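Below are the chains, spelled out letter by letter.
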Amino acid sequence: MLALFGFGSLLALVAFHTFLAGVATRFFRIQLSTSWGSVVYTLVLTPLLLLVSTLVFTGALGVGTGIDVGSSTILLALLVALPLVLGVAIDYLYVPSPDEYELPDTR
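Residues numbered from 1 in each chain as written. Predicted model: local features only at pLDDT ≥ 70, side-chain atom pairs only at ≥ 80, totals over all residues. Heavy atoms only, no water.

Caption draft 1: The arrangement of a nonpolar patch on the surface in detail. On the surface, a cluster of nonpolar side chains totalling about 1100 Å² of accessible area is made up of Val 40, Tyr 41, Leu 43, Val 44, Leu 45, Leu 48, Leu 51, Val 52, Leu 55, Val 56, Leu 61 and Leu 76. Among the elements that take part in the nonpolar patch, helix 2 (residues 35–60) stands out by supplying 10 residues, more than any other. (Patch = residues over 30% accessible without salt bridge, like charges linked within 9 Å, V, L, I, M, F, W, Y side chains within 5 Å. Areas by Shrake-Rupley, 256 points an atom, 1.4 Å probe, with all protein chains shown as cover. Salt bridge = Lys/Arg side-chain N within 4 Å of Asp/Glu carboxyl O. Helix = DSSP H or I, 4+ residues; strand = E, 2+ residues; numbered from the N terminus.)

Put into structure tokens, the structure is as follows:
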């Protein structure tokens, strides 16, 4: 039963990390005026955010308890690399570009 809870909580953490990566990518695309700036910030700061979140959730809160994924490399790929790729792909492919929105004049 503990392994089933660990597997479910690990999947929930992957989904949460995918959400975080998508929101961070969108934030950088909206706030930064250059296209390369948002790419660089997404590739540098988002994995750092996901790594810190992984350390907090798996260490202090015990998410994924009872699951043996084999090695720490596989765990980092599952909790950092996969959500980063999915979050960026969702933001770039399925969400309209920030330039496509018309904002009202606020004068």
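From this point on, the discussion continues.
Caption draft 2: Main features of the environment of Ile 74. In this structure, Ile 74 sits in helix 3 (residues 72–94). Along the primary structure Ile 74 and His 17 are separated by 57 residues, whereas in three dimensions their C-alpha atoms are 16 Å apart.

Caption draft 3: The arrangement of the packing of aromatic side chains in detail. In this structure the tally under the stated criterion is 3 aromatic pairs. With centroids separated by 5.8 Å and ring planes inclined at 75°, the aromatic side chains of Phe 16 and Phe 57 adopt a geometry described as edge-to-face. Linking Phe 16 in helix 1 (residues 2–31) with Phe 57 in helix 2, this pair joins segments that are 41 residues apart in sequence. Using a relative accessible area of 25% as the deciding quantity, one classes Phe 57 as partly exposed. Summarising the aromatic geometry, the rings of Phe 28 and Tyr 41 are spaced 5.7 Å apart at their centres and angled 50° between planes, so their arrangement reads as tilted. Placement of Phe 28 in helix 1 and of Tyr 41 in helix 2 is noted, with a sequence separation of 13 residues between them. Of the aromatic side chains, those joined through ring pairs into one cluster are Phe 27, Phe 28 and Tyr 41. The cationic tip of Arg 29 hangs over the ring face of Tyr 92; the distance from NZ or CZ to the ring centre is 4.2 Å. (Phe/Tyr/Trp six-rings, centres within 6.5 Å; stacked < 30°, edge-to-face > 60°. Buried < 20%, exposed > 50% of the residue type's maximum accessible area, 1.4 Å probe, protein only. Lys NZ or Arg CZ within 6 Å of the ring centre and 35° of its normal.)

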